[in-house]
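Structural features, examined
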Amino acid sequence: MQSLADTVRSFDRGRRRLSVAGATCVGSRYPANFDVLHIDPELPFLAVADGMGGGRGSTVAGATAMTTLVDQIRGIGAAAGPDELRTAVADTQDQVTRAGAELGELTGCTLTALLAGPTGRDAWIVQLGDSRAYRLRGGLLELLTVDHTTAWLGLVHGWYAADSAEAAAARYQLTRYVGHPEQPEPDLLRVSLLPGDVYCLCTDGITDQLDYHRLRRLLSRDADLDEIARQLTADTIAVGGADNATVALLRVTAQPPAHRARPPSPPSPSPPHPPRRSRADGRE
């Protein structure tokens with residue numbers, strides 16, 4: 001049930017500092033952690049994945065998806081746009097599909113990632129599955145992504161009530177995921193990065209166990225980012241640890257303008273000396 005946290009990494013982008021950290025824990029239900037966390041040491045890039053099921057296919061899917069996506073993003077760099085990101089996810093899907101064909105069992109995972117742009121003013125979020133992306137801005141915690149599940153579709157279209165048995169049964173029926181035989185398109189979202197923002201990517205082990213208000217309070221804390229990440233995963237253990245739980249965080253802070261030394265002013269020219277006048281007696 002140990003909670004493992006990644007150290008905080010910071011990236012200065014113009015007038016913004018982007019700090020990232022994350023944590024993951026096994027919980028008490030599963031013998032292993034089928035979630036995968038990535039906090040990149042070179043780029044303001046973070047990602048979470050959640051393997052489907054508790055078998056070999058789950059482990060292989062998560063590891064293959066994350067390794068492939070990280071390699072792709074590092075090759076593209078922070079200037080990646082929508083076309084490059086879609087290509088990166090397509091390649092990730094190909095690799096997971098190939099791995100699943102060799103195993104002969106369900107091999108799939110969710111995947112949600114955030115890559116900040118080179119100026120630090122915006123970022124791209126890519127998502128397949130039900131691992132979520134939230135943004136805390138001005139005290140308001142917003143869910144930026146939708147769950148790619150039958151339950152989400154049913155609630156949106158009014159097929160059943162949110163607290164119904166039908167909704168509960170459909171909660172884990174994913175309509176899109178990495179490794180899906182039809183290789184569905186990921187959702188791709190461009191977001192702004194403003195000083196004070198906190199972005200949170202997390203697997204359903206976080207959101208199914210911690211309610212909205214607890215999540216908002218923790219993300220609002222004036223504490224080190226890795227401490228907040230550890231607290232989030234620790235809280236899931238405190239309420240029973242019913243699932244692997246993983247979170248990746250990004251905080252935006254304002255940077256003071258760089259101080260530039262002013263060049264020394266040129267010396268002022270000396271005023272011309274007035275001509276010397278002679279005394280009446282001829283002496284100066």
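Residues numbered from 1 in each chain as written. Predicted model: local features only at pLDDT ≥ 70, side-chain atom pairs only at ≥ 80, totals over all residues. Heavy atoms only, no water.

Description of the packing of aromatic side chains
What the rule picks out here adds up to two aromatic pairs. Taking the centre distance of 5.9 Å and the plane angle of 90° together, the rings of Tyr30 and Phe34 count as edge-to-face. Of the residues examined, Tyr30 reaches a relative accessible area of 22% and is grouped as partly exposed. What makes Phe34 buried here is its relative accessible area of 8%. (Phe/Tyr/Trp six-rings, centres within 6.5 Å; stacked < 30°, edge-to-face > 60°. Buried < 20%, exposed > 50% of the residue type's maximum accessible area, 1.4 Å probe, protein only.)

Let's talk about the confidence of the model for the protein
Taken residue by residue, the protein gives an average pLDDT of 90. The fraction at 70 or more is 89%. In this model residues 276–284 is a low-confidence stretch, pLDDT under 50, and it forms four contacts with partners more than four residues away in sequence or in other chains. (pLDDT = per-residue confidence, 0-100. Contact = heavy atoms within 4.5 Å.)

Concerning the packing of helix α6 (residues 212–219) against helix α7 (residues 225–238)
Taken N-terminus to C-terminus, the directions of α6 and α7 make an angle of 155°; their axes are 10 Å apart at the nearest point. Between α6 and α7, the angle is such that the two are roughly antiparallel. You can see that α6 and α7 cross each other, and the crossing is right-handed. Of α7, the residues touching α6 (which contributes Arg214, Leu215, Leu218 and Leu219) are Ile228, Gln231, Leu232 and Asp235. Of the residues belonging to the contact of α6 with α7, the class tally is five nonpolar, one polar and two charged. (Axes fitted to C-alpha atoms, helices over the stretch in contact; angles between N-to-C directions. Helix = DSSP H or I, 4+ residues; strand = E, 2+ residues; numbered from the N terminus. Parallel < 35°, antiparallel > 145°, perpendicular 65-115°, else oblique. Left-handed = near helix turned anticlockwise from the far one by under 90°. Nonpolar A, V, L, I, M, F, W, Y, C, P; charged D, E, K, R; others polar.)

Section: the packing of helix α1 (residues 56–76) against helix α2 (residues 82–103)
Packed helix pairs are characterised by how far apart their axes lie and by the angle those axes make with each other. In the contact formed by α1 and α2, the axes pass within 9 Å of each other and the chain directions differ by 150°. The orientation of α1 with respect to α2, classified from their angle, is roughly antiparallel. The handedness of the crossing between α1 and α2 is right-handed. For the pair α1 and α2, contact is made by Arg56, Gly57, Val60, Ala61, Thr64, Ala65, Thr68, Leu69, Gln72, Ile73 and Ile76 and by Glu84, Leu85, Ala88, Val89, Asp91, Thr92, Gln95, Val96, Ala99 and Leu103, respectively. A per-class count over the contact of α1 with α2 returns twelve nonpolar, six polar and three charged.

Brief notes about the layout of surface pockets
Empty space within the largest pocket amounts to approximately 360 Å³. Residue lining of the largest pocket: 17 residues in total, with Tyr30, Asp50, Tyr172, Asp204 and Asp243 positioned closest to the centre. Here the residues of the lining of the largest pocket sort into six nonpolar, five polar and six charged. (1 Å grid on protein atoms, 1.4 Å probe; cavity = no way out; pocket = protein on both sides within 12 Å on 5 of 7 lines; lining within 4 Å. Points joined across faces, edges and corners; volume = space filled by probe spheres on them.)

Some details on the environment of Leu111
Here Leu111 shows up in strand β6 (residues 109–116). Every residue in contact with Leu111, bar those within four places of it in the chain, is listed here: Val48, Ala49, Met66, Leu69, Thr92, Val126, Gln127, Leu128 and Val178.

Side note on the side chain of Arg135
Here Arg135 is to be found in strand β8 (residues 132–137). Among the polar contacts listed, one links the side chain of Arg135 to the side chain of Tyr199, at a separation of 3.2 Å. For Arg135, the residues in contact, after removing those within four places along its chain, are Leu140, Leu141, Glu142, Leu144, Val191, Ser192, Asp197, Val198 and Tyr199. (Polar contact = N/O pair within 3.5 Å; in protein donor to acceptor, adjacent residues only side chain to side chain.)

Some words on unusual backbone geometry
At Gln183, a residue that is not glycine, the phi angle is positive and equals roughly 45°. Here Gln183 shows up in the loop between α4 (165–170) and β10 (187–192). Since its relative accessible area comes to 32%, Gln183 is described here as partly exposed.

As for the nonpolar core
By size, the foremost hydrophobic cluster in this structure holds 24 residues, and its most contacted members are Phe45, Leu69, Ile73, Leu85 and Val178. For this core, the secondary-structure elements that each account for two or more residues are β5 (45–51), α1, α2, β6 and β7 (122–128). It is α1 that contributes the most residues to this core, six residues altogether. Discounting chain neighbours no more than four positions away, the residues touching Leu85 are Ile73, Ala80, Leu115, Trp124, Val126 and Leu188. Counting 22 residues, the second largest nonpolar core, distinct from the first, contains Ala21, Ala223, Leu232 and Val247. (Core = buried A, V, L, I, M, F, W, Y, C linked by side-chain atoms within 4.5 Å.)

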